[in-house]
Number of protein chains: 2
Amino acid sequence: MSTILLVIAGWDPEAWLARFRALGGGREVRLWPDVGDPANIDYACVWKPPAGLFATLPCLRAIFSLGAGVDHLIEDVALPAVPIVRIVDSNLTRRMTEYVVLHVLLHHRRMKLYEAQQHARQWRDDIERPASEVRVGILGMGVLGRAAAEALVQIGFRVAGWSRSRKSIPGVETFAGKTELRRFLARTDILVCMLPLTPATRGLLSYDLFRGLARDGVLGAPALINAGRGGLQVEVDILRALDDGTLIGASLDVFETEPLPPASPFWTHAKVYVTPHNAAQSDPQALVANVLAQIERHERGLPLEHIIDRKLGY
Amino acid sequence: MSTILLVIAGWDPEAWLARFRALGGGREVRLWPDVGDPANIDYACVWKPPAGLFATLPCLRAIFSLGAGVDHLIEDVALPAVPIVRIVDSNLTRRMTEYVVLHVLLHHRRMKLYEAQQHARQWRDDIERPASEVRVGILGMGVLGRAAAEALVQIGFRVAGWSRSRKSIPGVETFAGKTELRRFLARTDILVCMLPLTPATRGLLSYDLFRGLARDGVLGAPALINAGRGGLQVEVDILRALDDGTLIGASLDVFETEPLPPASPFWTHAKVYVTPHNAAQSDPQALVANVLAQIERHERGLPLEHIIDRKLGY
């Protein structure tokens with residue numbers, strides 16, 4: 001029977017451990033740092049593992065990320081030559097879609113304005129534009145981006161997606177690669193970022209990029225939603241763009257430093273929604289069964305799904 | 001050529017007048033109170049007409065409401081025996097769906113909590129429940145209720161609908177009539193009201209009704225969204241239910257008195273979203289063509305669509 005090592009930093013590991021043991025089918029489940037004999041460990045299921053850990057596990061057969069994104073482990077220079085598996089789970093995908101739909105609607109329906117009016121006891125209903133006049137652009141058209149795009153199309157938005165390689169999605173205009181990024185930005189009123197964090201995407205959400213967004217939209221100025229990783233954004237550039245009107249508002253679920261430091265100007269910025277990196281929480285109730293099903297596939301000799309490409313970094 | 005009388009109170013009529021004249025195909029369009037010879041008026045297109053107006057128009061052939069709902073005119077005791085036509089327009093329907101999806105997600109994703117935490121510079125991510133564990137109940141399953149229900153099902157909520165007569169909608173549990181109201185409420189965590197205002201529905205949203213909502217939901221207590229009419233709600237009951245924990249929050253787009261008086265406790269209530277009756281604004285750009293198409297149908301001898309039932313009041 002194989003042995004699973006659970007390595008979790010930043011989250012409470014107890015619910016994960018209990019769930020792995022309940023569904024593990026007799027496999028031994030150890031919780032880091034109580035590794036025991038490192039030579040026993042067959043599978044590592046991890047969130048933010050310490051650098052160098054994997055090099056100490058000589059018989060490791062695969063590594064599973066417990067959250068969307070693998071940037072938390074891919075930078076370990078001592079990664080062994082075993083498959084690294086992303087989590088793709090309908091529960092995680094639906095949560096991300098909820099977050100994206102909510103925040104696109106918050107900007108589209110100008111809720112910051114109406115909350116300020118409420119605070120001031122003002123009854124004023126300006127003309128609202130229909131969703132069909134608002135162009136949402138999604139950066140990153142993997143499983144999460146595609147699901148969000150489809151939900152937004154249903155509600156009536158004009159949706160486009162940008163990704164490294166070209167995708168084809170009914171009702172969604174798709175752009176691909178660096179050469180088409182400028183055209184994608186120029187037609188976008190609400191920019192939603194769901195990219196993985198890689199050396200190629202770090203710092204992409206910069207002032208220059210914001211200047212490339214549509215200047216002729218019905219919202220007055222474009223809005224930014226980042227549900228990817230904090231490393232994708234340049235926070236001083238977001239503040240500058242909000243303050244000079246390049247951006248009309250922002251929803252940020254992720255930050256350069258998490259938890260967001262108390263001194264950050266985002267906390268009290270009138271144009272910003274701050275959420276504590278919970279757009280799509282990893283729920284052990286839903287995700288452990290998914291990981292164990294992959295381990296069972298592997299042990300039956302079937303290929304693992306959603307193995308990352310190390311060169312691309314996701 | 002027929003003559004149209006435009007009667008608009010509470011909105012700026014200029015955009016409506018311009019649109020009717022631009023698309024009117026040579027019909028004369030008069031703006032109340034400049035009625036001219038009342039015997040010339042064939043069609044009245046109205047929002048909140050003064051009581052008794054219709055009795056002064058001897059040759060009237062039909063009355064068109066310019067907003068969703070006809071309660072603003074149906075109480076006129078001197079209504080002539082001509083068809084009264086509701087507006088059913090995809091633009092209006094989509095706007096209402098946007099509002100409902102936004103506010104259901106605001107309560108589901110506990111944005112009041114996260115906005116309070118943001119204000120307090122607190123980074124805390126409690127476990128969020130997936131939409132599949134949240135039961136939305138829609139009161140009123142006409143065109144608007146059905147469209148909202150379908151959008152919420154797509155996002156993953158468990159959706160039920162209640163209406164006077166039974167409906168059948170894929171993926172939606174339906175309840176009908178007074179005898180099934182209690183069961184409908186008992187399985188509902190987020191109650192969305194889109195009923196028409198009639199003698200049978202006035203004051204329906206009462207403390208007693210709120211007490212009948214689910215007590216075992218994942219949100220802690222049920223939430224209320226009223227996008228129908230202010231006359232459907234008993235405002236002292238909503239306040240009592242919010243204050244004693246019977247309701248966890250409310251989104252109110254409509255009020256007993258509009259504009260909402262400055263002294264109303266809703267303005268500053270920490271658990272309430274107030275919007276200025278703009279869930280689904282009547283947009284002349286979209287709606288005038290719809291009304292004129294109906295007038296053309298009528299003049300070609302075809303039946304008018306969406307004629308209200310005077311006994312039911314909608």
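What counts and what doesn't
- Residues numbered from 1 in each chain as written.
- Chains lettered and ligands numbered in written order.
- Predicted model: local features only at pLDDT ≥ 70, side-chain atom pairs only at ≥ 80, totals over all residues.
- Heavy atoms only, no water.
- Helix = DSSP H or I, 4+ residues; strand = E, 2+ residues; numbered from the N terminus.
- Rg over C-alpha atoms; globule rule 2.2 N^0.38 Å.
- Buried < 20%, exposed > 50% of the residue type's maximum accessible area, 1.4 Å probe, protein only.
- Areas by Shrake-Rupley, 256 points an atom, 1.4 Å probe, with all protein chains shown as cover.
- Lys, Arg positive; Asp, Glu negative; His and termini not counted.
- Charge placed at Lys NZ, Arg CZ, Asp CG, Glu CD.
- Domains from an automatic or database assignment.
- Contact = heavy atoms within 4.5 Å.
- Buried area = accessible area lost by both parts, 1.4 Å probe.
- Salt bridge = Lys/Arg side-chain N within 4 Å of Asp/Glu carboxyl O.
- Polar contact = N/O pair within 3.5 Å; in protein donor to acceptor, adjacent residues only side chain to side chain.
- Nonpolar A, V, L, I, M, F, W, Y, C, P; charged D, E, K, R; others polar.
- Expected span 1.5 Å × (residues − 1).
- Pairing = 2+ DSSP bridges.
- Axes fitted to C-alpha atoms, helices over the stretch in contact; angles between N-to-C directions.
- Core = buried A, V, L, I, M, F, W, Y, C linked by side-chain atoms within 4.5 Å.
- Least-squares fit on C-alpha atoms with pLDDT ≥ 70 in both.

A. Molecular detail of the overall build of chain A. If you tally the helices and strands in chain A, you get nine helices and twelve strands. In terms of C-alpha radius of gyration, chain A reaches 21 Å, essentially the compact-globule figure of 20 Å for 314 residues. If one aligns the C-alpha atoms of chain A with their principal axes, the spans along those axes are about 65 × 40 × 30 Å. Buried positions account for 58% of the 314 residues belonging to chain A. Approximately 12,700 Å² of chain A is accessible, and the part contributed by carbon and sulfur atoms is 52%. Once the 35 positive and 34 negative side-chain charges of chain A are each reduced to a mean point, those two points are 5 Å apart.

B. Looking closely at the domain arrangement of chain A. Residues and elements named next belong to chain A. Domain boundaries assigned for chain A yield domain 1 (3–87 + 282–299) and domain 2 (90–274). Here domain 1 and domain 2 have C-alpha centroids that lie 32 Å from each other. Of the residues lining the interface, ten residues belong to domain 1; the matching set on domain 2 comes to seven residues. Across the domain 1/domain 2 interface, buried area totals approximately 690 Å², and carbon plus sulfur atoms make up 52% of it. Looking only at domain 1, the three residues that lose the most surface to domain 2 are Ala68, Asp71 and Asp283, adding up to 52% of its buried area. A salt bridge links Arg202 to Glu75; its shortest N-O distance comes to 3.4 Å. Connecting domain 1 to domain 2 are four residue pairs in polar contact (both at pLDDT 80 or more). Looking at the side of domain 1 that touches domain 2 residue by residue, the class counts come to five nonpolar, two polar and three charged.

C. Region of interest: the interface of chain B and chain A. With 52 residues of chain B in contact, the opposing surface of chain A contributes 52 residues. Contact between chain B and chain A buries roughly 4,500 Å² in total, counting both sides, with carbon and sulfur atoms accounting for 58%. Where chain B touches chain A, the interface holds two salt bridges. Between Arg109(B) and Glu98(A) there is a salt bridge, and its shortest N-O distance comes to 3.0 Å. For the pair chain B and chain A, the number of links is 27 residue pairs in polar contact (both at pLDDT 80 or more).

D. The arrangement of helix α3 (residues 90–108) of chain B in detail. Residue and element names in this part refer to chain B. The end-to-end C-alpha distance of α3, which contains 19 residues, comes to 26 Å, matching closely the 27 Å that a straight helix rising 1.5 Å per residue would cover. α3 sits mainly inside the fold: 17 of its 19 residues count as buried. One or two residues past the end of α3 sits Arg110, with phi positive at roughly 50 degrees.

E. Structural view of the sheet that holds strand β8 (residues 173–176) of chain A. Residues and elements named next belong to chain A. The strand order across the open sheet formed by seven strands is β8-β7-β6-β9-β10-β11-β12, and the pairing between neighbours is parallel. Each having just a single partner strand, β8 and β12 (272–274) make up the two edges of the open sheet. Strand-to-strand twist of the sheet, defined as the mean angle between neighbouring strand axes without regard to direction, takes the value 15 degrees. Here strand β7 (residues 158–163) runs beside β8; their pairing, made up of four bridges, is parallel.

F. How the structure looks around the nonpolar core. Ranked by internal contacts, the top residues of the largest apolar core, which has 68 residues, are Ile138(A), Phe157(A), Ile138(B) and Phe157(B). Aside from chain neighbours lying at most four places away, what touches Phe157(B) is Val104(B), Leu105(B), His108(B), Ala131(B), Val134(B), Val136(B) and Leu152(B).

G. Just the relation of the copies chain B and chain A, in detail. At an RMSD of 0.0 Å, chain B and chain A line up after a rotation of 180 degrees and a shift of 0.0 Å along the axis. Here the copies are linked by what is in effect a two-fold axis. Taking C-alpha positions as reference, the residue of chain B nearest the rotation axis is Leu102(B), located at 2.9 Å. The overlap is high: 100% of the interface residues of chain B also sit at the interface in chain A, so the same surface is used on both sides.

H. Structural context of unusual backbone geometry. Residue and element names in this part refer to chain B. Here the amide bond leading from Trp32 into Pro33 is cis, since omega sits at 10 degrees, within 30 degrees of zero. Positionally, Pro33 belongs in the loop between β2 (28–31) and β3 (43–47). Each neighbour pair has its own omega, and for Glu258 with Pro259 the value is -5 degrees, a cis peptide bond. Secondary-structure assignment places Pro259 in the loop between β11 (249–252) and β12 (272–274). Phi is positive for Lys48, which is not a glycine, with a value near 55 degrees. On the secondary structure map, Lys48 appears in the loop between β3 and β4 (62–65).

I. Spotlight on the sheet that holds β3(B). Residues and elements named next belong to chain B. Pairing is parallel across the open sheet formed by five strands, whose spatial order is β2-β1-β3-β4-β5. The open sheet is flanked by β2 and β5 (84–85), the only strands paired with a single partner. Note: β4 against β5, two bridges, orientation parallel. The residue of β5 that forms the bridge with Phe64 is Val85. Relative to the sheet, helix α9 (residues 284–299) contacts β1 (3–8), β3, β4 and β5, its axis offset from that of β3 by approximately 155 degrees.

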